[in-house]
Amino acid sequence: MGKTMTPAQILRELEPVAEANLNRHLSLAKDWHPHDYVPWSQGRNFAAMGGTDWSPEQSGLSEVARAAVVTNLLTEDNLPSYHRLISTAFSRDGAWRTWVDRWTAEENRHGIALRDYLVVTRSVDPVALEQARMACVSQGVDNPNGTGDHTVLPGVAYVTFQELATRVSHRNTGRVCQDPVADRLLSRIAADENLHMVFYRNICGAALDLVPDAALSAIAAVIRNFRMPGAGMPDFRRNSVLIAKHGIYDLRQHLDEVVLPVLRKWNIFDRNDFGPAGEQTRDALAAHLDSLAKDVIRFEEQRDRALARDAARAARNSG
């Protein structure tokens, strides 16, 4: 309850848990190769090599699907920043180092496969995509968890929620693409993200057992300040509105499929090992979740009205 430990002490205490979960991950992770998920026969040269440059009619994806896939890819592209941040939050020693490097290698594979798919199928403008990648990586990511604290507790709490959010987003993006090739690729990536989430969720669960009040404080701060790591990318606001409006990743999914299941897994509202500060944090978190649930209802009402207006406009235009 009232136990106080430095981040370095917490990392040392949790290293056996990290090692056990690293071994678990390695036993479950499936090796796969990006080239097996890309329809290379659809590829052809662009103008620089005597072919034809991209034009919008070449894309087989809807506007919503393009926005979702590009947002997912640009999120993956900021991997150098994520590697730096989790190396800082964890360490470059022992099981922590092995995990960080393995996680980085697996995440890099996602970006390779998504970009190859988009360019080969001419689903998006490759020039605009490269310009957006340059903008994203040049800007980097410095405070994704919104707390300004990059030590182990907020770090592992954030990536637990973020990896699960990414899994939901990838899975739903695959469905909206209406292309079995894209769906297969994004399902494969989502499966990776789920394994990553489980690793982080188990580490954070162990941290709750080790330093309950401090861990809960970090979890609550991350939930209050949560934002997806792509928040600074070009067109993020427009694309995130499209993504939410069409049910790829919205506030309802964030609450019901990400936040609440993880809190239940950690038994946050039934455990009895919090001290007075932890009890206070838990009460504040419960109030925040109640407020978030009301925000979900308001969002859904606004979305339903917007979709009805869109449908009425489309009907008028087609008539």
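Note: the structure precedes this text.
Residues numbered from 1 in each chain as written. Predicted model: local features only at pLDDT ≥ 70, side-chain atom pairs only at ≥ 80, totals over all residues. Heavy atoms only, no water.

### Digging into the nonpolar core
Generally speaking, nonpolar side chains in soluble globular proteins are found buried as a group. Under the convention used in this document: Take the buried residues of types Ala, Val, Leu, Ile, Met, Phe, Trp, Tyr and Cys, join any two whose side-chain atoms come within 4.5 Å, and each joined set is a nonpolar core. Type-normalised accessible area, obtained with a 1.4 Å probe on protein chains alone, sets the label of each residue: buried when under 20%, exposed when over 50%, and partly exposed for intermediate values. We call two residues in contact when some of their heavy atoms are within 4.5 Å.
Formed by 65 residues in total, the largest nonpolar core has its most connected members in F90, F161, Y200, I219, L263 and W266. Residues within four places of Y200 in sequence aside, it is in contact with I86, F90, W99, W103, V156, V159, T160 and E163. If you look at the next biggest cluster of nonpolar residues, it comprises 23 residues, including W32, L118, A182 and F236.

### Some remarks on the packing of helix α6 (residues 152–177) against helix α7 (residues 180–210)
Applicable threshold: To get an axis, a line is fitted to the C-alpha atoms, and for a helix only the part in contact is used. The angle between two axes follows their N-to-C directions and goes from 0 to 180 degrees. Secondary structure counts use DSSP, requiring at least four H or I residues in a row for a helix and at least two E residues in a row for a strand, with both numbered from the N terminus. In these notes the angle categories are as follows: under 35 degrees is roughly parallel, over 145 is roughly antiparallel, 65 to 115 is roughly perpendicular, and the rest is oblique. The crossing is said to be left-handed when, going from far helix to near helix, the turn is anticlockwise and less than a right angle, and right-handed when the turn is clockwise. Residues were grouped as follows: Ala, Val, Leu, Ile, Met, Phe, Trp, Tyr, Cys and Pro as nonpolar; Asp, Glu, Lys and Arg as charged; and all remaining residues, including Gly, as polar.
Between α6 and α7, the least distance of the axes is 8 Å, while the angle of their chain directions is 160 degrees. Comparing their axes, α7 and α6 come out roughly antiparallel. Handedness of the crossing formed by α6 with α7: left-handed. Grouping the constituent residues of the contact of α6 with α7 by class yields 15 nonpolar, eight polar and seven charged.

### Describing the pattern of salt bridges
The criterion, for reference: Criterion for a salt bridge: a side-chain nitrogen of Lys or Arg within 4 Å of a carboxyl oxygen of Asp or Glu.
A full pass over the atoms with the stated rule returns 16 salt bridges. Among the salt bridges present, the one from D256 reaches R252, with a minimum N-O distance of 3.2 Å. In this pair, D256 and R252 both sit in helix α10 (residues 251–265), four residues apart, roughly one turn of the helix. Note on R252: relative accessible area 30%, which makes it partly exposed. A single network of salt bridges, built from pairs that share partners, joins R92, R97 and D101.

### Some words on the packing of aromatic side chains
We apply this condition: Pairing of aromatic side chains here covers Phe, Tyr and the six-membered ring of Trp, requires ring centres within 6.5 Å, and sorts the geometry by plane angle: under 30 degrees stacked, over 60 edge-to-face, intermediate tilted.
Under the definition given, this model contains eight aromatic pairs. Measuring from ring centre to ring centre gives 5.5 Å for F199 and Y200, while their planes differ by 85 degrees; the resulting arrangement is edge-to-face. F199 sits in the buried class, given a relative accessible area of 2%. Classification of Y200 by relative accessible area gives buried; the value is 0%.

### Points about helix α2 (residues 63–77)
Let me state the cut-off plainly: What a helix is expected to span follows from its residue count: subtract one and scale by 1.5 Å.
Between the first and last C-alpha of α2 there are 21 Å, a value that for 15 residues agrees with the 21 Å anticipated at 1.5 Å per step. Taken across its 15 residues, α2 has 13 buried, putting it largely inside the fold.

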